[in-house]
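Breakdown of the fold
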Amino acid sequence: EAGVAQSPRYKIIEKRQSVAFWCNPISGHATLYWYQQILGQGPKLLIQFQNNGVVDDSQLPKDRFSAERLKGVDSTLKIQPAKLEDSAVYLCASSPLVGLASHEQYFGPGTRLTVT
Amino acid sequence: AQSVTQLDSQVPVFEEAPVELRCNYSSSVSVYLFWYVQYPNQGLQLLLKYLSGSTLVKGINGFEAEFNKSQTSFHLRKPSVHISDTAEYFCAVSSYNQGGKLIFGQGTELSVKP
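Here goes a summary of the coordinates provided. In this text, all values refer to a predicted model and were calculated from it rather than measured experimentally.

1. Considering the overall build of chain B
Helices and strands together make up the secondary structure of chain B, namely zero helices and twelve strands. In sequence order, chain B lays out its α and β elements as β-β-β-β-β-β-β-β-β-β-β-β. In terms of C-alpha radius of gyration, chain B reaches 14 Å, essentially the compact-globule figure of 13 Å for 114 residues. For chain B, the spread of C-alpha atoms along the three principal axes comes to 45 × 30 × 20 Å. When each of the 114 residues of chain B is scored for burial, the buried share is 46%. Sequence-distant contacts in chain B: of pairs separated by 6 or more residues, those separated by 24 or more amount to 56%. Of the roughly 5,400 Å² that chain B leaves accessible, carbon and sulfur atoms contribute 48%.

Below, the structure written as structure tokens:
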């Protein structure tokens, strides 16, 4: 079974530029999460999708961050314009929809963003 | 709201020695508990989980953890560590009424020395 795929793995941009990250979850997983992991900290949830609907985006900085999950499969996370403090690893995770297994998340390798 | 505290930011240990990584949580509702491991430049891999049933859970790579509800703890243990266990370890909680969202601790860096 293929895992969660993310691209690119690394990205370096200047502040005020825009950037987009892509995630393809495990086949059949209805729930998709984006987390931000700043160096030295644990991951923090940015947004959670169930199919193509948003479940939780309470910690997404909506003035600069946006995310979509068209057709309920893969997802993109965009930052426009980027700030220095956005430097972090962006992790995508997915989980099944129902049952206790819905609480077990599978993570992709992450995208390391450096804003200069 | 839930929170997770990992009591040690760094744990150095010699190879073949036992290790315990400590995790305490705070929550007003029942929780599910997880330990994830992160190797350099990689994503998170699930080590073990407590969802229900026995409070002693066994995971991959010889790790185990015990859920202690009265002390709100979920400490991770391994009786004999290897060099390859060197990594960052994260404790996390979710609650059944919050749609699977994970709240992570700050992480513990385990460094195994020969």
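2. Let's talk about the sheet that holds strand β8 (residues 75-79) of chain A
Residues and elements named next belong to chain A. One open sheet accounts for four strands, arranged β1-β3-β8-β7; its pairing is antiparallel. Strands with a single pairing partner mark the edges of an open sheet, and in this sheet they are β1 (5-7) and β7 (65-68). This sheet shows a mean twist of 15° between the axes of neighbouring strands, independent of strand direction. Two elements, strand β3 (residues 19-24) and β8, share five bridges in a ladder whose sense is antiparallel. Bridging across to β8, tryptophan 22 finds its partner in threonine 76.

3. What to know about the interface of chain A and chain B
Facing the 22 residues of chain A at the interface are 24 residues of chain B. Of the roughly 1,800 Å² buried between chain A and chain B on both sides combined, carbon and sulfur atoms contribute 51%. With its nearest N and O atoms 3.8 Å apart, the salt bridge here joins B:Lys101 to A:Asp56. In this assembly, chain A and chain B are joined by six residue pairs in polar contact (both at pLDDT 80 or more). Those elements giving two or more residues to the side of chain A that touches chain B turn out to be β4 (31-37) and β5 (44-50) of chain A. If you tally residues by element for the side of chain A that touches chain B, the top one is β4(A), at three residues. Across the side of chain A that touches chain B, the residue classes break down as nine nonpolar, nine polar and four charged.

Thresholds applied
- Residues numbered from 1 in each chain as written.
- Chains lettered and ligands numbered in written order.
- Predicted model: local features only at pLDDT ≥ 70, side-chain atom pairs only at ≥ 80, totals over all residues.
- Heavy atoms only, no water.
- Helix = DSSP H or I, 4+ residues; strand = E, 2+ residues; numbered from the N terminus.
- Rg over C-alpha atoms; globule rule 2.2 N^0.38 Å.
- Buried < 20%, exposed > 50% of the residue type's maximum accessible area, 1.4 Å probe, protein only.
- Contact = heavy atoms within 4.5 Å.
- Areas by Shrake-Rupley, 256 points an atom, 1.4 Å probe, with all protein chains shown as cover.
- Pairing = 2+ DSSP bridges.
- Axes fitted to C-alpha atoms, helices over the stretch in contact; angles between N-to-C directions.
- Buried area = accessible area lost by both parts, 1.4 Å probe.
- Salt bridge = Lys/Arg side-chain N within 4 Å of Asp/Glu carboxyl O.
- Polar contact = N/O pair within 3.5 Å; in protein donor to acceptor, adjacent residues only side chain to side chain.
- Nonpolar A, V, L, I, M, F, W, Y, C, P; charged D, E, K, R; others polar.

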